[in-house]
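Summary of structural features
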Amino acid sequence: MAHDTAHHHESNTKRIWTVFIILSIVTLVEVVFGILKPEFLTDTSFLSMSLLNWIFILLTIYKAYYIAWAFMHLEGETKGLRRAVVWTSIFLISYLIFILLTEGGYIYEVYKSNHVAWDF
Amino acid sequence: MEATVVRTGTEGKTWGGGNEPLKASYGKLMMWFFITSDALTFSGFLAAYGFSRFKFIDSWPIADEVFNHFPFLHGVDAPMYYVALMTFILIFSSVTMVLAVDAGHQLKKGKVTFYMFLTIIGGIIFLGSQAWEWKNFINGTYGAVYTEGGNILQFIDGDGHRVALSDVAIPEASARVEHEARNGVWFESERSLPSYSIEGVKAGFAENSDLLIRTQMVNEEGEKTILSREESIAKLNSEAVGVVEGANLTRNEYGPPLFADFFFFITGFHGFHVFSGVLINIIIFFNVILGTYERRKNYEMVEKVGLYWHFVDLVWVFVFTFFYLV
């Protein structure tokens, strides 16, 4: 416990407000896109998902990065701790998403081609 | 008596004990353990939501049509604004939290108290907003009928505007009375009956030639399919079996039952996290006021509860994306 008081902490307020502004702008951009839904983005499909959805997901990860790095102060932790947290989550979550979404798409196809009926 | 301390002669070496390779305290590491496992729990829920959504990819409700309420704007179609406001509230309470942690590093008790207070207020406002959102979701706006296969049929007029059940149905004089426990067998009562019977809806629909049926299937333009007048009448008379108003775990007026189930479960689980976070924040807030950390010359407890609070914010960023945007 004592080691924390030993080294002097500088104030990070400037960084905190910068991150707040970044997060706010990104959220605003998301909301504007969500309301306008530009057609060239919703109609363009990339890897079986519309470009707009890819933008939303990328912006979300961008926000998550700032929350984890600046607010949860991962940027100040040791490499070992940071990697233990980030890589564990990223690997397991990607795997989970891959399996479940593939399977969900497969079940949709099965219903669609009427191999199994669900609407009586 | 001589103390039984074993001297290994390896003190100060890598494996000599007392080494802190991660340079973080025990409490903080345990908070990170918890956060990582909780993140996996939430991803499990969100991935399951994605699974169901892919399974019903062409009949999933369009979020903008479901979440389009804003306080004091009755009947105005305001998609996204309210949930964007909630997101800002939560992000801002995250900012005040990190400001409290920052003030804690400099041992400024007054500032920590002030920022912790703001954080708690932000959390409470968010919880209230969540409750309002649930209220709208549960009560519903227009109502719909469901078919034997569990599909939802909604009503629109010639201009494509949604029409509420109350404007479609003809109230029936012979409507059944709700069975309560005080009548008949005392331990048996039923759910409150819907305001309109399916017969009343069918009769009202036949009379008003302006009305059309909108199914839950999404067409190629990304909009819900609208049937012609003839198809609408045929569909309603042959398939509709009941009236649904609002949402519960079995049925909802928006689309597949799983939509409401996941909405309740995921936003509910997140709301429960916010609630616990507010409680923990209050405890720490009083400890700050009482001077516990002032005496310790260490505000690390604020930092630990801060980690949890930011995590709750982080989860909301993803819930926001996958329930309201994508």
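All figures in this text were calculated on a predicted structure; none of them were measured in a lab.

Calculation notes
Residues numbered from 1 in each chain as written. Chains lettered and ligands numbered in written order. Predicted model: local features only at pLDDT ≥ 70, side-chain atom pairs only at ≥ 80, totals over all residues. Helix = DSSP H or I, 4+ residues; strand = E, 2+ residues; numbered from the N terminus. Rg over C-alpha atoms; globule rule 2.2 N^0.38 Å. Buried ≥ 20, exposed ≤ 12 C-beta atoms within 10 Å, placed from the backbone. Contact = placed C-beta atoms within 7 Å. Nonpolar A, V, L, I, M, F, W, Y, C, P; charged D, E, K, R; others polar. Core = buried A, V, L, I, M, F, W, Y, C linked by C-beta atoms within 7 Å. pLDDT = per-residue confidence, 0-100.

1. So, the overall build of chain B
Looking only at helices and strands, chain B features 10 helices and 5 strands. Over its C-alpha atoms chain B spans a radius of gyration of 27 Å, topping by over 25% the 20 Å that the globule rule assigns to 326 residues. Across its three principal axes, chain B shows a C-alpha extent of roughly 95 × 50 × 40 Å. Relative to its 326 residues, chain B shows a buried fraction of 36%. Within chain B, contacts between residues separated by at least 24 positions form 67% of all contacts whose residues are at least 6 apart in sequence.

2. Looking at the interface of chain B and chain A
At the interface, 48 residues of chain B touch 48 residues of chain A. If you list the elements that add at least two residues to the side of chain B that touches chain A, you get α1 (26–55), α3 (81–105) and α10 (300–325) of chain B. Ranked by the residues each element gives to the side of chain B that touches chain A, the list is headed by α1(B), at 13 residues. Classifying every residue of the side of chain B that touches chain A gives 25 nonpolar, 16 polar and 7 charged.

3. Some words on the nonpolar core
A general tendency of soluble globular proteins is for nonpolar side chains to be buried together. Residues and elements named next belong to chain B. Counting residues in hydrophobic clusters, the biggest one holds 89 residues, and the most contacted among them are A100, V112, M116, V145, V201 and V302. Considering each element in turn, this core owes the most residues, 17 residues, to α10. Excluding its chain neighbours within four sequence positions, the residues that come into contact with V201 are V145, L165, V168, A169, Y196 and V243.

4. Quick look at the environment of B:V66
Residue and element names in this part refer to chain B. Residue placement: V66 occurs in helix α2 (residues 63–66). Spatially, the C-alpha atom of V66 lies 25 Å from that of R229, the residues being 163 residues apart in sequence. Residues in contact with V66, not counting those within four places in the same chain, are P61 and Y254.

5. Quick notes on the confidence of the model for chain B
In the predicted model, chain B carries a mean pLDDT of 90, and the fraction of residues at 70 or more is 97%. Per the prediction output, this complex has pTM 0.89; the corresponding ipTM is 0.90.

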